[in-house]
Amino acid sequence: MVSRDGTRIAVAEAGDPAAPTVVCVHGYPDDRSVWDGVAARLADRFHVVTYDVRGAGESDRPARRDGYALDRLAEDLAAVLDEVSPNRPAHLVAHDWGSIQSWHAVTGDLLRGRIASFTSISGPSLDHAGHWFRTRLRRPSGWGPALRQLVHSTYIVFFQIPLVPELGWRSGVGRRVLRRLSGSAAGSPAVADAVHGLELYRANIGARLSRPRPRPAEVPVQVLAPLDDPYVTPALQTDVARWAPRLWVRRLPGGHWIPRERPDVIARCTAELVDFAEGAPESRGLRRARAAGMVDSAVGTTGRRARAAGLVDFTPERRARAAATELVDSVERASESVALRQARTVEAGPVDSVEGAPERRGRRRARAVGAGLVDSVEGAPESRGLRRARGARFDGYLVVVTGESRFARAAAAAFARAGAEVRGDGPDVPDVVVDSRGTAREFAARMADRGEGGQLVLHDPAEAARLRREYPGLNVIVAGDGSPERAARRVLQAVARNRHAGT
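Description of the structure in this document. (Residues numbered from 1 in each chain as written. Predicted model: local features only at pLDDT ≥ 70, side-chain atom pairs only at ≥ 80, totals over all residues. Heavy atoms only, no water.)

Overview of a positive patch on the surface
A cluster of like positive charges, contributed by R134, R138, R139 and R242, occupies part of the molecular surface. Looking at the element boundaries, R138 is found in the loop between α4 (126-137) and α5 (143-152). The class of R138 is exposed, set by a relative accessible area of 60%. (Patch = residues over 30% accessible without salt bridge, like charges linked within 9 Å, V, L, I, M, F, W, Y side chains within 5 Å. Areas by Shrake-Rupley, 256 points an atom, 1.4 Å probe, with all protein chains shown as cover. Salt bridge = Lys/Arg side-chain N within 4 Å of Asp/Glu carboxyl O. Lys, Arg positive; Asp, Glu negative; His and termini not counted. Charge placed at Lys NZ, Arg CZ, Asp CG, Glu CD. Helix = DSSP H or I, 4+ residues; strand = E, 2+ residues; numbered from the N terminus. Buried < 20%, exposed > 50% of the residue type's maximum accessible area, 1.4 Å probe, protein only.)

Here's what the structure looks like:
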């Protein structure tokens, strides 16, 4: 098919054309073959479309740099959709530069109403990235994440140098460096694809990062963030709640080329969001991912915009943020909402405090938490107290607790109070296992095979060390001593800290 500016785009299709359409967009320096494993698994249920982006594979290679601008790439996607799904919104799954250009498409006007859902892998919006760096560099607490991402992004500076990167690819050095950083999963990119694809960086990076625009996404967005990506940190990928109010986040064991490493995992996660967007009930994995998106993304949406974006509709965390923003609105407009009036009448503590009586300890604690929430909603980094206050929720998690010891019973009760589904065993792969029977290894194998991480809690330090070596994608925690109730609380806190390692 032919794009708006005359560029020919090579397209391949698989599956039933009457089924929901899933369009897979590849990145740099790949071609559409990077999706072969994922497409083969999705084609049983969906109409799967892959295409070579301009400059790669069998598609045309524009002669001018402006032919690689994000607007031209969005026009290519629009032309593909006109061809393969003209009368029905399609679902996007995109990787690396495919994800970067898809973010641009789903946050613009050209494809409004044409996209049903978007799954992003290892590729942030350049505009969002520009805002992310500004927010992080504004405060000392954000310098660490920003510096780590800058170290991961040094290759981008190298790509801006004229002629030298081209020489690196043509001499074979570029392919050797890529293989050293990412292993065999990076494949063997064609030299022509690697050379022409450099224009993606040169045409877009500087302008977008230096002058980022606010680009909210109206469609459901799922971010799949590999924890061992040497180019994009999980923090940059997942901190998008400000721009994507309907957000699901999964941090996955794996590297940058996870579509090649674990096509089964990518296909399963993609299919879950597609099914949900098509009207199916939200899966347990999506519920867990939705909680992760709300709990661990920085908020950046304020006041009425947060409520208009739907942040009060789902989890307790969203309702807490909404309450804080109602307080901000009340102060700013000198009028009080019904909810605030009801909250004010619950306890006389605030009135007593204003009238000169000593402020109650509960009131002091609530005021401190409220102040922290206000700062977080206004874009400030989240305080340690706020992280601790909201970090122990496990909605959407399946926790298996084995054994009948006092510690096992205390752990089961603690996780149940935190919103998790607690079982003694079962065929489903759990997210957390608290093992008192010596069966942790069996669960570890099942978790590793699923490919979405997991946490194991056991009592034997030697076995814990062995499991860490054998299953590096899992978190292994040794339960401490003390009373069963105290040990269970410590385990809950440790699991909450470690469940999204890499952020």
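A closer look at the packing of helix α20 (residues 406-417) against helix α23 (residues 484-498)
The N-to-C vectors of α20 and α23 enclose an angle of 45°; their axes lie 8 Å apart at closest approach. Here α20 lies oblique to α23, going by the angle between them. Taken as a pair, α20 and α23 cross one another with a handedness that is right-handed. Between α20, through R406, F407, A410, A411, A414 and F415, and α23, the contact on the second element is made entirely by P484, E485, A487, A488, V491, L492 and V495. (Axes fitted to C-alpha atoms, helices over the stretch in contact; angles between N-to-C directions. Parallel < 35°, antiparallel > 145°, perpendicular 65-115°, else oblique. Left-handed = near helix turned anticlockwise from the far one by under 90°. Contact = heavy atoms within 4.5 Å.)

Focus: the packing of aromatic side chains
Considering all chains together, one arrives at 15 aromatic pairs under this definition. Plain terms: the ring middles of Y155 and Y231 are 5.5 Å apart, the flat faces sit at 75° to each other, and that makes the pair edge-to-face. Note that Y155 is positioned in helix α6 (residues 154-159) and Y231 in the loop between β6 (221-226) and α10 (234-238), a separation of 76 residues in sequence. A connected cluster of aromatic rings, assembled from ring pairs, spans Y28, W97, Y155, F158, F159, W169, Y201, Y231 and W257. The residue whose ring lies beneath R288 is Y397, and the NZ or CZ to ring-centre distance is 5.9 Å. (Phe/Tyr/Trp six-rings, centres within 6.5 Å; stacked < 30°, edge-to-face > 60°. Lys NZ or Arg CZ within 6 Å of the ring centre and 35° of its normal.)

Considerations on empty space enclosed by the protein
The full count for this structure, using the stated rule, is three cavities of 30 Å³ or more. Quantified by volume, the largest cavity comes out at close to 60 Å³. Together, 14 residues line the largest cavity, and Y28, V53, A56, G197 and L200 are the ones closest to its centre. (1 Å grid on protein atoms, 1.4 Å probe; cavity = no way out; pocket = protein on both sides within 12 Å on 5 of 7 lines; lining within 4 Å. Points joined across faces, edges and corners; volume = space filled by probe spheres on them.)

Section: the sheet that holds strand β9 (residues 421-423)
Reading across from one edge, β9-β8-β10-β11-β12 is the order of the five strands in this open sheet, with parallel pairing throughout. The sheet terminates laterally at β9 and β12 (475-478), the two strands that pair on one side only. This sheet shows a mean twist of 15° between the axes of neighbouring strands, independent of strand direction. In terms of strand pairing, strand β8 (residues 398-401) meets β9 through three bridges, oriented parallel. Across the sheet, the residue bridging to V399 is V422, located in β9. Contacting β8, β10 (432-434) and β11 (455-458), helix α21 (residues 440-450) crosses the sheet at an angle of about 175° to β11. (Pairing = 2+ DSSP bridges.)

Examining the packing of α4 against α5
Running from amino to carboxyl end, α4 crosses α5 at an angle of 135°, the nearest separation of the two axes being 8 Å. Judged by the angle between their axes, α4 and α5 are oblique. Between α4 and α5 lies a crossing of left-handed hand. The residues of α5 that touch α4, namely those facing W132, F133, R136 and L137, are W143, P145, A146, Q149 and L150. When grouped by side-chain class, the residues that make up the contact of α4 with α5 number seven nonpolar, one polar and one charged. (Nonpolar A, V, L, I, M, F, W, Y, C, P; charged D, E, K, R; others polar.)

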